Amino acid sequence: DAGVIQSPRHEVTEMGQEVTLRCKPISGHNSLFWYRQTMMRGLELLIYFNNNVPIDDSGMPEDRFSAKMPNASFSTLKIQPSEPRDSAVYFCASRTAGFQETQYFGPGTRLLVL
Amino acid sequence: LAKTTQPISMDSYEGQEVNITCSHNNIATNDYITWYQQFPSQGPRFIIQGYKTKVTNEVASLFIPADRKSSTLSLPRVSLSDTAVYYCLVARTGGGNKLTFGTGTQLKVEL
């Protein structure tokens, strides 16, 4: 298995532009998580899905952020418009249901908004 | 979920055993303890998980006392490549739950 796949790995954009981050979870996993990591705030959960349905989006910073999971093998995190304070590493993770659950993280997308 | 507290940083030398202790005083009956490891420029990686007593795998051991208010991650004979941030998390059994990462412990291993 290739693990969780994220694209792009690096993104540099200008303030005001739309940014779309993509994630392909591990096949067979039914939960997907989007995290953001910065030096100041550490690793924060933004949103997670169970069976393609958003369960908890309380971590989404504001309306500029949106996430979708149209099917079990694909999810997007969109920022529109982007701002310099959105600069961070964004991780996607997936998990299979079970008594004790382990999340598998992707390599992350390093976003820089100028 | 129970809040966790762990040292911000630790230093060690190659070949030594490293023990990182995490406190979770308010752990609930149906909570379990999970440790993740994160190298620079990578996503966190699961290390070990347990509910009580001792758990051992090829990477580490996890010691959990009877009251479960703390846990200790033990890394035997560390090497330079074990330099990373180690996160202690408490999660609830039963599925569909999120993990809350704290600040973690930055372990630095030197020659």
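Just above, that's the structure.
Bear in mind that the values here come from a model prediction, so they are computed numbers and not experimental data.

Concerning the overall build of chain B
Helix and strand counts for chain B stand at zero helices and nine strands. When its helices and strands are written in sequence order, chain B yields β-β-β-β-β-β-β-β-β. On C-alpha atoms alone, chain B measures out to a radius of gyration of 13 Å, which is about the 13 Å that the 2.2 N^0.38 rule sets for 111 residues. In terms of overall dimensions, chain B has a C-alpha envelope of 40 × 30 × 25 Å along the principal axes. A total of 111 residues make up chain B; the buried ones form 45% of that total.

Some remarks on the state of the cysteines
In the structure shown here, the tally under the stated rule is two disulfides over all chains. Between the sulfur atoms of C23(A) and its disulfide mate C92(A) the distance is 1.8 Å. Residues C23(A) and C92(A) share a disulfide whose torsion about the S-S bond is about -65°; that sign makes it left-handed. Of the two residues, C23(A) is situated in strand β3 (residues 19-24) and C92(A) in strand β9 (residues 88-95); the sequence distance between them amounts to 69 residues. For the pair formed by C23(A) and C92(A), the shared burial category is buried. Across a sulfur-sulfur distance of 2.2 Å, C22(B) and C88(B) are joined as a disulfide pair. Residues C22(B) and C88(B) are joined through a disulfide that is left-handed, its torsion about the S-S bond being -80°. Of this pair, C22(B) sits in strand β2 (residues 18-23) while C88(B) sits in strand β8 (residues 84-92), placing them 66 residues apart in sequence. C22(B) sits in the buried class, given a relative accessible area of 0%.

Some thoughts on the side chain of E44(A)
All names here are of chain A. Along the polypeptide, E44 turns up in strand β5 (residues 42-50). Relative accessible area serves as the criterion here: at 16%, E44 is assigned to the buried category. Looking at E44, its side chain comes within polar contact range of the side chain of R41, at 2.7 Å. Sequence-distant contacts of E44, defined by excluding residues within four places in its chain, comprise W34, Y35 and R36.

Here we look at the side chain of S31(A)
All names here are of chain A. Looking at where S31 falls in the secondary structure, it is placed in strand β4 (residues 31-38). Here the side chain of S31 touches N50 through a polar contact of 2.5 Å, side chain to side chain. In this structure S31 touches F49, N50, A93, S94 and R95, once residues within four positions along its chain are discounted.

Each value, and the rule that gives it
- Residues numbered from 1 in each chain as written.
- Chains lettered and ligands numbered in written order.
- Predicted model: local features only at pLDDT ≥ 70, side-chain atom pairs only at ≥ 80, totals over all residues.
- Heavy atoms only, no water.
- Helix = DSSP H or I, 4+ residues; strand = E, 2+ residues; numbered from the N terminus.
- Rg over C-alpha atoms; globule rule 2.2 N^0.38 Å.
- Buried < 20%, exposed > 50% of the residue type's maximum accessible area, 1.4 Å probe, protein only.
- Disulfide = S-S within 2.5 Å.
- Polar contact = N/O pair within 3.5 Å; in protein donor to acceptor, adjacent residues only side chain to side chain.
- Contact = heavy atoms within 4.5 Å.

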